[in-house]
Amino acid sequence: MSYQKCYLVLVKMIRYTKEQREFLIANNYMKSAKDLAMMFNKRFDTNITETNIKNFRGNNHLNSGLTGRFKKGHVPTNKGKKWDDYMSKESQEIAKRTTFKKSHIPHNHKPIGYERINVDGYIEIKVKEPNVFKLKHRLVYEEKKGTIPENCNVVFADGNKNNLDPDNLILVTKSEMSVMNRKGLFKQDKDLTKTGHLIAKVIDKQNKLKRG
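From a predicted model like this one, the values you see are computed outputs, not experimental measurements.

Asker: I'm lost on the packing of helix α1 (residues 18–26) against helix α2 (residues 33–44) in this one. Help?
Answerer: Two elements in contact, α1 and α2, have axes separated by 11 Å at closest approach and are oriented at 145°. By crossing handedness, the relation of α1 to α2 is classed as right-handed. Within the contact between the two elements, α1 uses Glu19, Gln20, Phe23 and Leu24 and α2 uses Leu36, Met39, Phe40, Arg43 and Phe44. A class-by-class count of the residues in the contact of α1 with α2 yields 6 nonpolar, 1 polar and 2 charged.

Asker: How do you make sense of the environment of Met180 when you look at a structure like this?
Answerer: Its place among the elements puts Met180 in helix α7 (residues 174–183). Separated by 13 residues in sequence, Met180 and Thr193 place their C-alpha atoms 9.0 Å apart. Setting aside anything within four residues of it in sequence, one finds Met180 in contact with Val172, Leu185, Phe186, Thr193, Gly196, His197 and Ala200.

Asker: Looking at this model, I keep getting lost on helix α6 (residues 136–145). Mind explaining?
Answerer: Quick reminder: α-helices carry 3.6 residues per turn. Residues three or four places apart thus point the same way. Listed as buried for α6 are His137, Val140 and Tyr141. For α6, the angular spread of buried residues about the axis comes to 100°, placing them on one side. As for α6, its buried residues are in contact with β3 (132–135), β4 (152–156) and β5 (169–173). Within two residues after α6, Gly146 carries a phi angle of roughly 110°, on the positive side.

Conventions we followed
- Residues numbered from 1 in each chain as written.
- Predicted model: local features only at pLDDT ≥ 70, side-chain atom pairs only at ≥ 80, totals over all residues.
- Heavy atoms only, no water.
- Axes fitted to C-alpha atoms, helices over the stretch in contact; angles between N-to-C directions.
- Helix = DSSP H or I, 4+ residues; strand = E, 2+ residues; numbered from the N terminus.
- Left-handed = near helix turned anticlockwise from the far one by under 90°.
- Contact = heavy atoms within 4.5 Å.
- Nonpolar A, V, L, I, M, F, W, Y, C, P; charged D, E, K, R; others polar.
- Buried < 20%, exposed > 50% of the residue type's maximum accessible area, 1.4 Å probe, protein only.
- Arc of directions from axis to C-beta.

Geometry only, nothing functional implied.
Have a look at this one:
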């Protein structure tokens, strides 16, 4: 008796806005799925994949015009041509609205100083363009207590990642943090955690002395 295995594939459905749909349609021609996905992610600050682009093309009966890999010396069909030669008036209007222009600022642009919560629950703050974020508690520590050495982390004494009071921020070496994790010395009470850190310092120093 033979058996057939059935596999269930779950595909994440994406709800595109009108502007996003117009962007994909206007920039579809002669773009690989990978390139179009990169353009789309840069334009809308998203994270869609090549597969998402292929699904969109299939669902909307779009043809990129690409038949495979470009051969060496390949010349794009629209090279040296004006939009009128290969695009409808409607597509041109869409392209004008969605194509990046010099000094263009995306609608979802965030200014320097903008704050967000990352996937680990830490507050991040934008410090530089285009999208450079740093952990806010580290910036607070450096502003109040000085530079953070390369082998150190800044931890919250009371375990609250939103408590940015400088007195709640402790500088812990990576080896000390390892000891605190093993010994269960991180507490939700600020003073207990600080005491645990002192204990970890002693244990860590003893370990280093034993290793010579």
